[in-house]
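Tertiary structure, described
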Amino acid sequence: MFQNRILNIGLYLVYLLPVLILTGPFLSGLALSAVSLISLYLILYKKKFHYLNNKLSIFILLWLIYLVLRSLFSENILLSLESSLFYSRFYFYSLFIYYAICELDSFKKIYVKILFITLAITITDAFIQLIFGQNILGFEYSVNRLSGFFGEELILGSYISKLIFCITG
């Protein structure tokens, strides 16, 4: 029962992550870290070590260990560890996605729908900003680049390209 609750929390966070990215780095980073910890818990508690026991996982784990070891020998250890140590959360997030795809039948369908809806809303908002000079939230079109929901951060194209990659993947 407790594992199902934790799994559901992880699923909700994965489903919300494309929307949380629109809010800024704090909530999306928090969700990413929480899902990473949940995936680590599920794999260790349910003893699903076969998710870790393949060539790609072993290669990524060795790469992460290499990055941490390199950080330990740098001049500014804390600064170097701060940037390299937290790369592991992306790996464990990916493991959670892989776990959900393998264990849950409806995950792919729901996840793709959420990604598609988020992408459609973001692109529609960008067109509104292009045509009317401001988007739904009132952000002005300036500097000859669209910002969409991101305000002064001009990362709309990067966000759209990454969502399209996730949908096609």
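Preceding this section is the structure that the text describes.
This section reports on the structure supplied with the text. Position labels on residues start from 1 in each chain and follow its written sequence. Per-residue local features of the predicted model are confined to residues with pLDDT of at least 70, and side-chain atom pairs are confined, for both listing and counting, to 80 or more; whole-chain, interface and lining totals are unaffected and use all residues. As a convention, hydrogens and water are excluded, and side-chain values are obtained from all of the structure's heavy atoms.

Brief notes about the overall build of the chain
Runs of H or I in DSSP of at least four residues are treated as helices and runs of E of at least two as strands, each being numbered from the N terminus. When helices and strands are tallied, the chain shows seven helices and zero strands. Going from N to C terminus, the chain has its helices and strands arranged as α-α-α-α-α-α-α. C-alpha extents for the chain along the principal axes are approximately 55 × 50 × 25 Å. Accessibility here uses a 1.4 Å probe with only protein chains present; expressed as a share of the type maximum, an area under 20% marks a residue as buried, one over 50% as exposed, and anything in between as partly exposed. The 169 residues of the chain split such that 35% are buried. Computed with the Shrake-Rupley method and a 1.4 Å probe, the accessible areas treat only the protein chains shown as cover for residues. Within the structure as shown, the chain displays about 11,100 Å² of accessible surface, and the carbon and sulfur contribution to it stands at 70%. Within this scheme the basic residues Lys and Arg register as positive and the acidic residues Asp and Glu register as negative, but His and the chain ends are omitted. To locate a charge, take NZ of a lysine, CZ of an arginine, CG of an aspartate or CD of a glutamate. Of the side chains in the chain, 12 bear a positive and 8 a negative charge, and the two mean positions are spaced by 17 Å.

Some remarks on a nonpolar patch on the surface
Each patch is built from residues that are more than 30% exposed by relative accessible area and take part in no salt bridge. Like charges join if they lie within 9 Å; nonpolar side chains (Val, Leu, Ile, Met, Phe, Trp, Tyr) join within 5 Å. Salt-bridge detection follows one rule: a side-chain nitrogen of Lys or Arg within 4 Å of a carboxyl oxygen of Asp or Glu. A surface patch of nonpolar side chains, amounting to about 690 Å² of accessible area, comprises Ile58, Leu62, Ile65, Leu69, Leu72, Phe73 and Ile77. Relative to the assigned elements, Ile58 resides in helix H3 (residues 55-72). Its relative accessible area of 39% is what places Ile58 among the partly exposed residues.

Considerations on helix H7 (residues 156-168)
Here, expected helix span is obtained from the residue count minus one, scaled by 1.5 Å. For H7, spanning 13 residues, the distance from its first C-alpha to its last is 18 Å, which sits close to the expected 18 Å at 1.5 Å a residue. Within H7, burial applies to Leu156, Tyr159, Ile160 and Leu163. Buried residues of H7, viewed axially, fall in a sector of 95 degrees; they line one side. Exposed and facing more than 90 degrees away from the buried side of H7 are Gly157, Lys162, Phe165 and Thr168. Here the arc refers to the set of directions running from the helix axis out to each C-beta atom.

A few points about the packing of helix H5 (residues 88-103) against helix H6 (residues 107-132)
For any two helices packed against each other, one specifies the crossing angle of their axes together with the interaxial distance. Between the N-to-C directions of two axes lies an angle of 0 to 180 degrees, each axis being a line fitted to C-alpha atoms and, for a helix, fitted only over the stretch in contact. Interhelical geometry of H5 versus H6 gives an angle of 125 degrees and a closest axis separation of 8 Å. Judged on the interaxial angle alone, H6 and H5 are oblique. Where H5 approaches H6, its residues Tyr93, Ile97, Ala100 and Ile101 are matched on the opposing element by Phe107, Lys108 and Tyr111. Considered class by class, the residues forming the contact of H5 with H6 number six nonpolar, no polar and one charged. Here the angle decides the label: under 35 degrees means roughly parallel, over 145 means roughly antiparallel, 65 to 115 means roughly perpendicular, and every other value means oblique. For this analysis, residues touch if any pair of their heavy atoms sits within 4.5 Å. We call Asp, Glu, Lys and Arg charged. Ala, Val, Leu, Ile, Met, Phe, Trp, Tyr, Cys and Pro are nonpolar, and the rest, Gly among them, are polar.

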